[in-house]
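Letter by letter, the chains look like this.
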Amino acid sequence: MKPKPKSLIVCVSGPHGNTRKIAEAIAAVLDAEVTAPDLVDPTRIAEFDLVGFGSGIYMGKHHHQLLSLVTTLPTVNRHRAFVFATSGFADSPLNRFSRSLTVPLNSKGFEISDAFSCRAKDTFLPFALVGGIRKGHPDDADLRRARLFAEQLRTTQESRTSIGDVQ
């Protein structure tokens, strides 16, 4: 029996825990470990078949700890990864949140399978003055979408693994 693929999710979650909720919903489907960037050994990242990178969005980019980790990763050969984010604002075609991670990950040889984002409570100034925006998010529907996203990642990984077995 072939061992099941190993997955890791590297996540930075702010004071509201929004991104951690999404990471845990994805991890439950992928049977993945969720960890913080400062706990990751960059030299061991290639031991995982699939690696997720996610955080809240700060000034249009992923968290600086996550971006710093990516700069320390060794170059890999088409290693599979995905990115995810939570934000008070929707990802827009003019300024894709995911670019802050996908560009440096691609330069390290990672193959980005997909990206996920959803709305989340945001208390960045000036929104803190009114108690924040997007209160109640991520909600049950957001978590359901995160699990569906993970199911698609898992299905793709399983089909890639079985194709690799045939070759």
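The shown structure was predicted, so the numbers you read here are calculated from the model rather than taken from an experiment. (Residues numbered from 1 in each chain as written. Predicted model: local features only at pLDDT ≥ 70, side-chain atom pairs only at ≥ 80, totals over all residues. Heavy atoms only, no water.)

Novice: Can you walk me through the nonpolar core in this structure?
Specialist: Nonpolar side chains in soluble globular proteins tend to be buried together. In terms of nonpolar packing, the biggest core is built from 21 residues, with Ile9, Ile22, Ile26, Leu30, Phe82, Phe84 and Phe116 touching the most fellow members. Per-element tally for this core: the top contributor is helix H1 (residues 18–30), with 7 residues. Residues Val10, Val40, Phe48 and Val76 belong to the second largest nonpolar core, which totals 18 residues. (Core = buried A, V, L, I, M, F, W, Y, C linked by side-chain atoms within 4.5 Å. Buried < 20%, exposed > 50% of the residue type's maximum accessible area, 1.4 Å probe, protein only. Helix = DSSP H or I, 4+ residues; strand = E, 2+ residues; numbered from the N terminus.)

Novice: Is there a simple way to explain helix H3 (residues 99–107) in this structure?
Specialist: Spacing of three or four residues puts side chains on the same side of an α-helix, whose turn is 3.6 residues. For H3, the set of buried residues is Ser100, Leu101, Thr102 and Leu105. Glycine 109, located one to two residues past H3, shows a positive phi value of around 95 degrees.

Novice: In this structure, what is going on with the packing of helix H2 (residues 64–72) against H3? I would like to understand it.
Specialist: Geometrically, a packed helix pair is captured by the angle between its two axes and the distance between the axes. Where H2 meets H3, the axes come as close as 9 Å, and the angle between the chain directions of the two elements is 10 degrees. Of the possible angle classes, the one that applies to H2 and H3 is roughly parallel. In this structure, H2 contributes Leu66, Leu67 and Val70 to the contact, and H3 contributes Ser100, Leu101, Pro104 and Leu105. Looking at side-chain class alone, the contact of H2 with H3 contains 6 nonpolar, 1 polar and no charged residues. (Axes fitted to C-alpha atoms, helices over the stretch in contact; angles between N-to-C directions. Parallel < 35°, antiparallel > 145°, perpendicular 65-115°, else oblique. Contact = heavy atoms within 4.5 Å. Nonpolar A, V, L, I, M, F, W, Y, C, P; charged D, E, K, R; others polar.)

Novice: Looking at this model, I keep getting lost on the environment of threonine 156. Mind explaining?
Specialist: Looking at the secondary structure, you find threonine 156 in helix H4 (residues 140–166). Here the side chain of threonine 156 touches glutamine 152 through a polar contact of 3.0 Å, landing on its backbone oxygen. (Polar contact = N/O pair within 3.5 Å; in protein donor to acceptor, adjacent residues only side chain to side chain.)

Novice: Can you walk me through the packing of aromatic side chains in this structure?
Specialist: Each pair of aromatic rings is reported with the distance of its centres and the angle of its planes. One pass over the structure, following the stated rule, counts 4 aromatic pairs. Relative to phenylalanine 149, the ring of phenylalanine 82 has its centre 5.7 Å away and its plane inclined at 70 degrees; by these criteria the two rings are edge-to-face. Highlighted residues: phenylalanine 82 in strand S5 (residues 79–87) and phenylalanine 149 in helix H4, separated in sequence by 67 residues. Considered together, phenylalanine 82 and phenylalanine 149 belong to a single accessibility category, that of buried residues. The rings of Phe82, Phe84, Phe116 and Phe149 are connected pair by pair, giving a single aromatic cluster. Its guanidinium or amino end placed over the ring of phenylalanine 48, lysine 6 lies 5.1 Å from that ring's centre, counting from NZ or CZ. (Phe/Tyr/Trp six-rings, centres within 6.5 Å; stacked < 30°, edge-to-face > 60°. Lys NZ or Arg CZ within 6 Å of the ring centre and 35° of its normal.)

Novice: Help me understand the pattern of salt bridges, please; the structure alone is not making it clear to me.
Specialist: A side chain with one charge may pair with a side chain of the opposite charge, provided their charged atoms come close. For the structure on display, the rule yields 3 salt bridges. Close ionic contact of glutamate 24 with arginine 20 constitutes a salt bridge, the shortest N to O distance being 2.9 Å. Of this pair, glutamate 24 and arginine 20 both sit in helix H1, 4 residues apart, roughly one helical turn. For glutamate 24, a relative accessible area of 41% gives the class partly exposed. Here glutamate 47 makes a salt bridge to arginine 44, at a shortest N to O gap of 2.9 Å. (Salt bridge = Lys/Arg side-chain N within 4 Å of Asp/Glu carboxyl O.)

Any link to function would need more than the numbers given here.
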